[in-house]
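Each chain is listed here by its residues.
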Amino acid sequence: MEAALYDPRGGFYATGGAAGRHGDFVTSPEVGPLFGQLVGRALDRWWSDLGRPDPFVVVEAGAGRGALARSVLSGSPASASSLRYLMVERSEALRARHADHLDVVGPAFAFGPPLPDDDDDGPGAATADGPVVVSLSDLPSVDGPVIVLANELLDNLAFRVLERGPDGWLEVRAAAATGNSTAIVELLVPADERLAAYADRLVTDVPVGARIPVQDAAAGWLRRALDTAGRGGRVVLIDYAATSTMLAHRTWTDWLRTYAGHERGGHPFERLGAQDITADVCVDQLARVRPLTTDRTQAEWLTDLGIEELVDEGRRIWTERAHLGDLDAMRARSRITEAEALLDPNGLGAFRVLEWET
Ligand SMILES: C[S@@+](CC[C@H](N)C(=O)[O-])C[C@H]1O[C@@H](n2cnc3c(N)ncnc32)[C@H](O)[C@@H]1O
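The structure displayed is predicted, hence computed values, not measured ones.

1. Topic: the site of the ligand
Contacts to the ligand come from 18 residues, most closely from Tyr-6, Thr-27, Gly-62, Glu-89 and Asn-151. Between an oxygen atom of the ligand and a side-chain N or O atom of Glu-89, the distance comes to 2.6 Å. Coverage of the ligand by the protein amounts to 95% of the 600 Å² it exposes when considered alone. Within the shell around the ligand, the residues separate by chemical class into nine nonpolar, six polar and three charged.

Shown next, in the form of structure tokens:
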């Protein structure tokens, strides 16, 4: 999975795979600007709770081509002038698109060069007017408190797959098919003791043949993100999520999915590098890293942030301006359909918003 998604020469994300209408799947920021506008409201709340720090550091991990950053900033949040918005994206191809629509500066400029203060206390950090936007390949090491935000990142981090055998846990591995040098087949090997013991702690009483993902890369990433957030910061992860027990009782092809060009793909070993590979994020595995502060649905979170109010405003503008058919009228109408998608209880609305206050 690691190579299929991220190999610099052939990996899905390294060679053009992406979220978006012209990409391979649609995520909340790619539905339209409404999601980013609401994330901007959340940022303003957290900024206020922190006592309106300047700089106010926000790290968006797995930023893709930068759609969320773009709509957060176009919504002109109150915290904008203090904002240091650090986009973190592993794919070089996607990072290259960050400057297409955003004024991106080098990391050295994010916090301004030291400038002489008016008083005699020596040099202080320049408080250049924000927002300042930076594009990075990995989580930064910056002074906290930091807000670390990620939409649909953890479901894309490589996981192991374990299968319950008659005598214990087996690990599902990838192996070259004999006699055919290009095909890859499943190879079941006894899981090592540590892994098997971990699986036993995650799920009990599962039928033979049941499979679960072991999301150790996601857990490791969360540890680093909590560190980056620092004291008083926050990690907020938005994703499709479940528990290990729930997944053990579902058919594995239902929770381990592949996508390409807006269609479900085939077995994850097929068309390596040409399809996305993903799985529901196991909240219980993340909670073992650190217990969550809150876990709610995206619909609940967006409602709390005032999505209904923005939709009502959209309806009013549409009613007043529909006969003009101008850009404002079109934007207002689009806001209504975007909200339906973002709140859909059978789709994006059912995603979980997982928060850790640090
Ligand atoms: C499903 S896409 C989501 C993109 C965007 N957040 C959105 O919602 O449209 C996941 C993104 O995370 C990136 N990614 C994967 N591992 C990463 C890591 N360790 N650090 C930063 N980005 C990563 C991938 O390259 C990909 O662009």
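2. Side note on the environment of Arg-352
Relative to the assigned elements, Arg-352 resides in strand E19 (residues 352-357). Sequence separation between Arg-352 and Arg-257 is 95 residues, and the spatial gap between their C-alpha atoms is 18 Å. Excluding residues within four positions of it along the chain, Arg-352 makes contact with Leu-237, Ile-238, Asp-239, Ala-241, Asp-295, Arg-296 and Thr-297. Among the polar contacts made by the side chain of Arg-352, one reaches the side chain of Asp-295 at a distance of 2.8 Å.

3. Focus: the layout of surface pockets
A volume near 790 Å³ is recorded for the largest pocket. Residue lining of the largest pocket: 43 residues in total, with Gly-62, Glu-89, Glu-152, Leu-153 and Asn-156 positioned closest to the centre. Of all the elements in the fold, those that place two or more residues in the lining of the largest pocket are helix H1 (2-6), helix H2 (28-31), strand E1 (56-61), helix H4 (67-74), helix H8 (216-229), strand E14 (256-260) and strand E16 (276-279). In terms of residue count, H8 provides more of the lining of the largest pocket than any other element does, three residues in total.

4. Quick word on the environment of His-22
Structurally, His-22 is set in the loop between H1 and H2. Given a relative accessible area of 85%, His-22 falls into the exposed group. Separated by 239 residues in sequence, His-22 and Gly-261 have C-alpha atoms that sit 8.1 Å apart.

5. Some thoughts on the sheet that holds strand E10 (residues 184-190)
Across the sheet, which stays open at both edges, the four strands sit in the order E10-E9-E8-E11 with antiparallel pairing between neighbours. Two strands in the sheet have a free side with no partner beyond their single neighbour: E10 and strand E11 (211-214). With strand direction ignored, the average angle separating the axes of adjacent strands in the sheet is 40°. By the bridge criterion, seven bridges tie strand E9 (residues 168-176) to E10 in an arrangement that is antiparallel. Bridge assignment links Ala-176 to a residue of E10, and that residue is Ile-184.

The rules behind the values
Once a new chain begins, its residue numbering starts again from 1 and follows that chain's sequence as written. Totals for whole chains, interfaces and linings use every residue, but because this is a predicted model, local features are given only for residues with pLDDT of at least 70 and side-chain atom pairs only at 80 or more, for both listing and counting. Remark: hydrogens and water are excluded; side-chain values derive from all non-hydrogen atoms of the structure. For this purpose, a residue is taken to be near a molecule or strand whenever a single non-hydrogen atom of the residue falls within 4 Å of it. Contacts described as polar in this section are N or O atom pairs within 3.5 Å, which, within protein, must combine one atom able to donate a hydrogen with one able to accept it, while residues neighboring in sequence count only if both atoms come from side chains. Accessible areas in this description were obtained via Shrake-Rupley with a 1.4 Å probe; residue shielding takes into account the shown protein chains only. Charged residues are taken to be Asp, Glu, Lys and Arg, nonpolar residues to be Ala, Val, Leu, Ile, Met, Phe, Trp, Tyr, Cys and Pro, and polar residues to be all remaining types, Gly included. Each helix is a run of DSSP H or I of at least 4 residues and each strand a run of E of at least 2, with the numbering of both proceeding from the N terminus. Between two residues, a contact is recorded if the distance between any of their heavy atoms is within 4.5 Å. Using a grid of 1 Å spacing that covers the protein atoms alone, one calls a set of points a cavity when a 1.4 Å probe fits there but cannot get out, and a pocket when the set is open and has protein on both sides within 12 Å along at least five of seven lines; lining residues are those with an atom within 4 Å of a point. Grid points are joined across faces, edges and corners, and a volume is the space filled by probe spheres set on the points. Exposure classes here rest on a 1.4 Å probe applied to the protein chains alone. A residue is buried below 20% of its type maximum, exposed above 50%, and partly exposed in between. Paired strands, as defined in this entry, are two strands with at least two bridges between them according to DSSP. Whenever a helix is involved, its axis is fitted only over the stretch in contact; in every case the axis is a line through C-alpha atoms, and angles between N-to-C directions fall within 0 to 180 degrees.

In short, the description is geometric, and any link to function would need to be established separately.
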